[in-house]
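# Coordinate analysis (summary)
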Amino acid sequence: MATKPLKILVAGDVEGNFNQLFKRVDTIQKKNGNFDLLLCIGEFFGPNMSSWEPYKSGKVKVPISTLILGPCQEQFGIYFDGPKGTDLCEGVTYLGKQGRFTGSSGLSIAYVSGLESPKPSGDDYTFTKQDIRSLVAPVINDTSFKGIDILITSQWPKNVEKYGKSVNKEDRKFPQSVYLSEVARVLRPRYHFAGLEDVFYERQPYRNHQVLLESARHTTRFIAMASVANKDKQKYLYAFNIVPLSKMDVNELVKQPQDVTECPYTPHDVMTTDEEAPQQFFYDMNAKHHSGKRKGDRGRGRGGGGREEREHEKKPRKAPQPTGPCWFCLGSPEVEKHLVVSVSDKAYLALAKGGLVPDHVLILPVHHYQSYVSCSQDVTQQIDQYKSCLRKMFKSQDKSVVFFERNFRTQHLQVQAVPIPLDSVVDIKDTFMSCAESEAIELAEIPKHSDIKQIVSDEEPYFYVELPTKEKLLHRIKKNFPLQFGREAVCEPPILNMPERVDWKNCKLTKEEETDIAATFKSDFRPFDFNFA
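### Some points on the overall build of the chain
Summing up its helical and strand segments, the chain has 10 helices and 25 strands in all. Counting only residues that meet the buried cut, the chain has 50% of its 533 residues in that class. Counting only contacts in the chain whose residues sit at least 6 apart along the sequence, the fraction spanning at least 24 positions is 70%.

### What about the pattern of salt bridges?
Enumeration according to the criterion identifies 19 salt bridges in this entry. Between Lys119 and Asp123 there is a salt bridge, with the nearest N and O atoms lying 3.7 Å from each other. Note on Lys119: relative accessible area 40%, which makes it partly exposed. Note on Asp123: relative accessible area 25%, which makes it partly exposed. Connected via shared salt-bridge partners are Asp384, Lys387, Arg391 and Glu466.

### A word on the environment of Tyr236
Inspection of the secondary structure assignment puts Tyr236 in the loop between strand 14 (219–224) and strand 15 (237–242). As for Tyr236 and Ala224, which are separated by 12 residues in sequence, their C-alpha atoms are 8.9 Å apart. Ignoring sequence-local partners within four residues, the contact set of Tyr236 consists of Val10, Ala11, Gly12, Gln20, Leu21, Arg24, Met225, Ala226, Ser227, Val228 and Asn230.

### Thoughts on the confidence of the model for the chain
Mean pLDDT for the chain: 87, with 90% of residues reaching 70 or above. The low-confidence segment residues 275–318, where pLDDT is below 50, has 49 contacts with residues more than four positions distant or belonging to other chains.

### So, the pairing of strand 1 (residues 6–11)
Burial of strand 1 is extensive: 5 of the 6 residues sit out of reach of the surface. Summarising the sheet, strand 1 and strand 15 pair through 6 bridges and their orientation is antiparallel. From the neighbouring strand, Leu9 faces strand 15, where its bridge partner is Ala239. Sheet topology places strand 1 next to strand 2 (residues 37–40); 4 bridges connect them, and they run parallel. Residue pairing across strands places Leu9 opposite Leu38, the latter belonging to strand 2. Taken together, strand 1, helix 1 (residues 18–32) and strand 2 constitute a β-α-β crossover, and its handedness is right-handed.

### Regarding the sheet that holds strand 4 (residues 86–89)
With respect to topology, 6 strands assemble into an open sheet ordered 4-5-3-2-1-15, the strand pairing being mixed. Strands with a single pairing partner mark the edges of an open sheet, and in this sheet they are strand 4 and strand 15. Averaged over all pairs of adjacent strands, the angle between their axes in this sheet comes to 25 degrees, without regard to strand direction.

### Regarding unusual backbone geometry
In this structure, Glu15 is a non-glycine residue whose phi angle is positive, near 50 degrees. With respect to the helices and strands, Glu15 occurs in the loop between strand 1 and helix 1.

### Quick look at the nonpolar core
Core analysis: the largest hydrophobic core is formed by 35 residues, its most contacted members being Leu349, Ile383, Leu390 and Phe521. By residue number, the principal contributor to this core is helix 7 (residues 377–396), which donates 7 residues. When sequence neighbours within four positions are dropped, the list of residues in contact with Phe521 reads Val341, Leu349, Leu351, Asp359, Val361, Leu390, Met393 and Phe394.

### What about the pairing of strand 18 (residues 340–343)?
Examined bridge by bridge, strand 18 and strand 19 (residues 347–351) share 3 bridges and lie antiparallel to one another. Residue pairing in the sheet places Val340 in a bridge with Ala350 of strand 19. From the end of strand 18 to the start of strand 19, which pair antiparallel, there are 3 residues.

### Brief notes about helix 4 (residues 178–187)
Burial runs high along helix 4: 9 of the 10 residues are buried. Looking only at helix 4, the buried set comprises Val178, Tyr179, Leu180, Ser181, Glu182, Val183, Ala184, Val186 and Leu187. By the N-cap criterion, in which a side-chain oxygen at the helix start approaches the backbone nitrogen of a residue two or three places on, helix 4 is capped by Ser177, the distance to Tyr179 being 3.2 Å. The positive-phi residue at the C-terminal boundary of helix 4 is Arg188, with phi of around 50 degrees.

### Things to note about the sheet that holds strand 20 (residues 361–365)
With antiparallel pairing, the 8 strands of this open sheet are ordered in space as 18-19-20-22-21-24-25-23. Edge positions in the sheet fall to strand 18 and strand 23 (444–446), since each of these pairs with one other strand and no more. Looking at each pair of strands side by side, their axes are set apart by 25 degrees on average, direction ignored. In this sheet, strand 25 (residues 472–476) lies alongside strand 23 in antiparallel orientation, the contact comprising 3 bridges. Along strand 25, the bridge assignment pairs Glu445 with Leu473.

### Concerning the side chain of Glu161
Position of Glu161 among the secondary structure elements: in the loop between strand 10 (148–153) and helix 4. Here the side chain of Glu161 touches Arg172 through a polar contact of 3.0 Å, side chain to side chain. Apart from residues no more than four positions distant in its own chain, Glu161 is found in contact with Trp156, Ser166, Val167, Arg172, Gln176 and Tyr201.

### What about the packing of helix 3 (residues 129–136) against helix 4?
Across the interface, helix 3 lies against helix 4 with an axial gap of 10 Å and an inter-helix angle of 0 degrees. The orientation of helix 3 with respect to helix 4, classified from their angle, is roughly parallel. The segment helix 3 lies against helix 4, with Lys129, Ile132, Leu135 and Val136 engaging Tyr179, Val183, Val186 and Leu187. Split into classes, the residues belonging to the contact of helix 3 with helix 4 amount to 7 nonpolar, no polar and 1 charged.

### Notes on helix 10 (residues 511–525)
Taking 1.5 Å per residue as the helical rise, helix 10 with its 15 residues ought to reach 21 Å, and the 21 Å between its terminal C-alpha atoms agrees with that figure. Looking at the buried residues of helix 10, the elements they touch are strand 18, strand 19, strand 20 and helix 7.

### Some remarks on the environment of Lys165
In this structure, Lys165 sits in the loop between strand 10 and helix 4. Residue Lys165 is classed as partly exposed on the basis of its relative accessible area, which comes to 44%. Excluding residues that lie within four positions of it along the chain, Lys165 makes contacts with Tyr201, Glu202, Arg203 and Gln204.

Thresholds, definitions, all that
- Residues numbered from 1 in each chain as written.
- Predicted model: local features only at pLDDT ≥ 70, side-chain atom pairs only at ≥ 80, totals over all residues.
- Heavy atoms only, no water.
- Helix = DSSP H or I, 4+ residues; strand = E, 2+ residues; numbered from the N terminus.
- Buried < 20%, exposed > 50% of the residue type's maximum accessible area, 1.4 Å probe, protein only.
- Contact = heavy atoms within 4.5 Å.
- Salt bridge = Lys/Arg side-chain N within 4 Å of Asp/Glu carboxyl O.
- pLDDT = per-residue confidence, 0-100.
- Pairing = 2+ DSSP bridges.
- Right-handed = clockwise from strand over helix to strand, strands pointing away.
- Axes fitted to C-alpha atoms, helices over the stretch in contact; angles between N-to-C directions.
- Core = buried A, V, L, I, M, F, W, Y, C linked by side-chain atoms within 4.5 Å.
- Polar contact = N/O pair within 3.5 Å; in protein donor to acceptor, adjacent residues only side chain to side chain.
- Parallel < 35°, antiparallel > 145°, perpendicular 65-115°, else oblique.
- Nonpolar A, V, L, I, M, F, W, Y, C, P; charged D, E, K, R; others polar.
- Expected span 1.5 Å × (residues − 1).

Put into structure tokens, the structure is as follows:
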């Protein structure tokens, strides 16, 4: 028998507007039936407390069992006159500073009240590193721990917008907390709610596992709520149904939505005390540490460092340099410039030497980068622009296009763009998979909305292909790899049916022929070239 879902409501900062909130809840329940629980995030109390007394005295009843977080400002601490789990009035329970519990229904909830403390000791309205350590310590090395259903915090986690859509709000009332990022990363909530910023923001769900490296886990949805009395009439009350994680079918639990992204949080070490780690306040597991610090300097990880460190971070990253002559750096004398058909400031387009077909082209960075993954964001943006332009051009010619890259035994990034007949698109994935199987290559599909930069590190060799069907295939190269694999797959009978052209050396043309083809392509491409838009 299927488990009946629980009906949950979540409210943003109440700020003393109790009547407005509870009347709205009462209306919703009369229309949609009773909900099981109301969770209040952000600041519950406010400057005007005249409407609180009737609830506190019992003259007015709270229409639903309500759990609230602690204060975010010192002045409201006077209303929290008991330990965690204290009923402030009938139906309203103060959860405490931080904790995790599972109700009789099986629903698991974790919470962190207040703001991140700027000092180790903390206050009644702040949380410290020690508070966070106490919360995550029981599960951080527990291999049987799957995650929790709901995490509620007042403050936002740091970097939550990474890989997701941006918040439609320019100013921030409070800095985002790196501690809460670690809480969300370790506890893996299915829903994470936060307040304080007086804006409604629903991020795309993010995954809690590394693609191709770990078994699939459930996703997390981060949702920020506006305040109850916000002037812009943004959403301050969120309703949803949830079956507790512990009672869900595993296959159903780990289903990945189409718009899922990578996890936006970087691992941080919250388990060491400041005494155990005198050189750091928060350790970034991915940071590259440098020697030569003066004795007594205290790094601040991602939270900020000493003056010299901050000045160093502001300097633009120096472009990598080739180890020897490079045939593809546009400023290099080795470049065959008669093949170049379009140039922008960060990337350019050139005919492939020994191309499979006359309009087989390469997308390359102007300066030296070994792979797409190692490129800076402005470079990858222009590469992606060229991809978009090529798709449009080939579509106008009743063709489709496949893009592939081999980051193995190459010095300079080359994204191969090969047009293919439209009627071969249906076979393209099976063809690549069949070729991979024959070469004993593990070619795995990655989520459509994922970026390869989220999955592969800078130094890792790989083969990557984007199919016209919007599917993306990746092989992590461990030792050996057939250098012509991409061409081999495209040359198979279901696609181009030209096995004799697998080796580019068999397809070489004279310089005059290449120049004529380049001129023709340049003319055809110009109406689609973003440089002339």
